[in-house]
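This is what each chain is made of:
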Amino acid sequence: MCLLVIDWKLLPEAPVLVAANREEAFDRPALPPRIVKGAIFTEERSRRGDQAGSVAPRVLCGIDQRAGGTWLGVNEHGLLVAVTNRRAAARKQPLRSRGTLCGELLDSPGAEEASRRAMEELARGCYAGANFACVDFESGWVIHAGDRLERIELAPGRHLITNQDLNDPADARLSLARRLFDQQEIGSAAEFLATARRVCSHRVEGPASGASIVLRTEAGGTVSSSLIALTRRPEEAVYLYAPGPPDITAYEDYSHLVKDLLASLPGQW
């Protein structure tokens with residue numbers, strides 16, 4: 001399970017604002033965000049028959065060292081793709097890594113194409129249950145890929161997802177995150193990031209305490225957190241990353257990487 005919050009087109013100067021807590025086994029190694037060539041995720045390019053001379057976009061993402069994919073990334077076109085696990089019936093056939101598909105989708109020029117590629121690939125039935133989010137300044141999409149396959153176009157607003165449906169009112173953790181966000185009026189990217197830092201770090205102890213944003217069990221739980229602002233002016237973009245549970249791990253500033261990634265885009269893009 002992971003938690004993903006997307007403020008899409010709520011602020012004209014910052015159309016894509018994202019907060020994401022990643023949940024995994026504590027012994028699963030990962031590398032922090034870095035800029036790589038999209039061609040690092042090569043299988044999808046080969047299957048699509050891309051010409052040898054085609055240029056893969058640069059991508060800023062963390063790397064899962066076990067499967068080689070990613071759970072969240074941004075490419076140089078301003079496309080953000082993220083994946084959360086989803087409850088689904090077990091599949092008997094061999095599965096491809098959901099994180100590998102997330103990385104492959106970041107090879108796309110925009111959110112609509114990435115979402116269509118996701119639908120085509122997920123229809124093959126080679127993946128465990130997942131939710132994928134594909135957003136840029138022009139469009140936003142969430143794909144439910146569990147016991148059904150569904151692509152949902154986002155309306156401007158705040159959207160939250162864990163391991164069930166988008167904005168699921170029956171999800172207690174999702175409802176808690178929304179309530180915590182709603183306690184603060186957000187009128188700027190900086191205010192979103194400050195609120196997101198508090199929400200993503202929210203932790204309560206014990207089953208009697210109610211829902212908690214940060215999860216911690218003996219085997220696994222919240223292993224990292226990312227706060228991202230993709231802004232109209234690339235030089236104002238922000239990328240903060242906590243390489244551990246954010247209630248006990250400080251966020252580190254990777255904004256210089258996302259600014260470098262988006263530097264080729266024109267101002268007010």
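Reading guide: rules and limits
Sequence positions are assigned chain by chain, starting from 1 and proceeding in written order. At least 70 in pLDDT is required for a residue's local features to be given in this predicted model, at least 80 for side-chain atom pairs to be given and counted, and no such filter applies to totals for whole chains, interfaces and linings, which use all residues. Side-chain figures throughout are based on the complete set of non-hydrogen atoms in the structure, without hydrogens or water. Here, strands pair whenever DSSP counts at least two bridges between them. We count a stretch as a helix when DSSP gives it H or I for four or more residues in a row; a strand needs E for two or more, and each element gets its number in order from the N terminus. Convention adopted: a line fitted to C-alpha atoms gives each axis, helices being fitted over their contacting stretch, and angles between N-to-C directions are expressed from 0 to 180 degrees. Contacts are residue-level and defined by heavy atoms, with any inter-residue pair within 4.5 Å sufficient. Joining through side-chain atoms within 4.5 Å is the link that ties buried Ala, Val, Leu, Ile, Met, Phe, Trp, Tyr and Cys residues into a set, and such a set is a nonpolar core. For every residue, the accessible area obtained with a 1.4 Å probe (protein chains only) is divided by the maximum for its type, and the residue is called buried under 20%, exposed over 50%, and partly exposed between those limits. Here is the rule: rings of Phe, Tyr and Trp (six-membered ring for Trp) pair when centre to centre is within 6.5 Å. Planes less than 30 degrees apart are stacked, more than 60 are edge-to-face, and the remainder are tilted. Comment: the charge-over-ring label is applied if NZ (Lys) or CZ (Arg) is within 6 Å of the ring centre and within 35 degrees of the ring normal. Two N or O atoms form a polar contact when they lie within 3.5 Å of each other; inside protein one atom must be a possible hydrogen donor and the other a possible acceptor, and for residues adjacent in sequence the pair counts only when both atoms belong to side chains.

## Topic: the sheet that holds strand 4 (residues 58-64)
To summarise the sheet geometry, strands pair through backbone hydrogen bonds and adopt either a parallel or an antiparallel arrangement.
Consideration 1: Strands sit in the order 3-4-5-6-7-8-9 across an open sheet of seven strands; the sheet is antiparallel. The open sheet has two free edges, formed respectively by strand 3 (30-37) and strand 9 (149-153), since each of these has just one partner strand. Each neighbouring strand pair of the sheet contributes to a mean axis angle of 15°, computed without reference to strand direction.
Consideration 2: Across the sheet, helix 3 (residues 111-122) lies against strand 7 (130-135), strand 8 (140-145) and strand 9, angled at about 10° from strand 8, the strand it touches most.

## Observations concerning the nonpolar core
Consideration 1: Counting 53 residues, the largest nonpolar core has Phe 132 and Leu 230 as the members making the most contacts within it.
Consideration 2: The element best represented in this core is strand 7, accounting for five residues.
Consideration 3: The next biggest cluster of nonpolar side chains, apart from the first, holds 26 residues, and it includes Leu 11, Ala 177, Cys 200 and Ile 213.

## Remarks on the packing of aromatic side chains
For any pair of aromatic rings, geometry is given as the distance between the ring centres together with the angle between the planes.
Consideration 1: Here the structure, examined in full by the defined rule, presents two aromatic pairs.
Consideration 2: Ring centres of Tyr 241 and Tyr 254 lie 6.0 Å apart, and the angle between their planes is 85°; on these two criteria the pair is classed as edge-to-face. Pair noted here: Tyr 241 is in strand 12 (residues 238-242) and Tyr 254 is in the loop between strand 13 (252-253) and helix 6 (255-261), with a separation of 13 residues, a long-range link. Of the two residues examined, Tyr 241 and Tyr 254, each falls in the buried class.
Consideration 3: Above the face of the Trp 71 ring, Arg 22 is positioned so that its terminal group lies 4.0 Å from the ring centre.

## Regarding the environment of Leu 193
Consideration 1: Counting through the fold element by element, Leu 193 comes out in helix 5 (residues 189-200).
Consideration 2: Counting along the chain gives 174 residues from Leu 193 to Ala 19, while the straight-line C-alpha distance between them is 8.0 Å.
Consideration 3: The contacts of Leu 193, once residues within four sequence positions are left out, are Leu 227, Ile 228, Ala 229 and Val 238.

## A few points about the pairing of strand 6 (residues 80-85)
In the case of a regular strand, side chains alternate between the two sheet surfaces.
Consideration 1: With five of its six residues buried, strand 6 lies for the most part within the structure.
Consideration 2: Where strand 5 (residues 72-75) meets strand 6, three bridges bridge the pair, whose relative direction is antiparallel. Paired with Gly 73 across the bridge in strand 6 is Val 81.
Consideration 3: Here strand 6 pairs with strand 7 via six bridges, running antiparallel. Along strand 7, the bridge assignment pairs Asn 85 with Ala 130.

## Remarks on helix 2 (residues 98-105)
Consideration 1: Of all eight residues that make up helix 2, seven are buried, and the element is covered over most of its length.
Consideration 2: For helix 2, every residue scored as buried is listed here: Gly 99, Thr 100, Leu 101, Cys 102, Gly 103, Glu 104 and Leu 105.
Consideration 3: Where helix 2 begins, the side chain of Ser 97 points an oxygen toward the backbone nitrogen of Gly 99, at a separation of 3.1 Å.

## A look at the sheet that holds strand 2 (residues 16-25)
Consideration 1: Pairing in this open sheet of six strands is antiparallel, and the strands run 10-1-2-11-12-13 from one edge to the other. Strand pairing shows two members of the sheet lacking a second neighbour, strand 10 (157-161) and strand 13, which therefore form its edges.
Consideration 2: As judged from the ten bridges shared by strand 2 and strand 11 (residues 220-230), these two strands associate in the antiparallel manner. Opposite Val 18, over in strand 11, you have Ile 228 as the bridge partner.
Consideration 3: Sitting on the sheet, helix 4 (residues 172-182) is in contact with strand 1 (3-8), strand 2, strand 10 and strand 11, with an inclination near 150° to strand 10.

## Considering the side chain of Thr 222
Consideration 1: Looking at the secondary structure, you find Thr 222 in strand 11.
Consideration 2: Within the structure, the side chain of Thr 222 is placed 2.7 Å from the side chain of Glu 23, a separation counted as a polar contact.
Consideration 3: Ignoring anything within four residues of it in the chain, the contact list for Thr 222 reads Asn 21, Arg 22, Glu 23, Phe 26, Arg 173, Ile 213, Val 214, Leu 215, Pro 245 and Pro 246.

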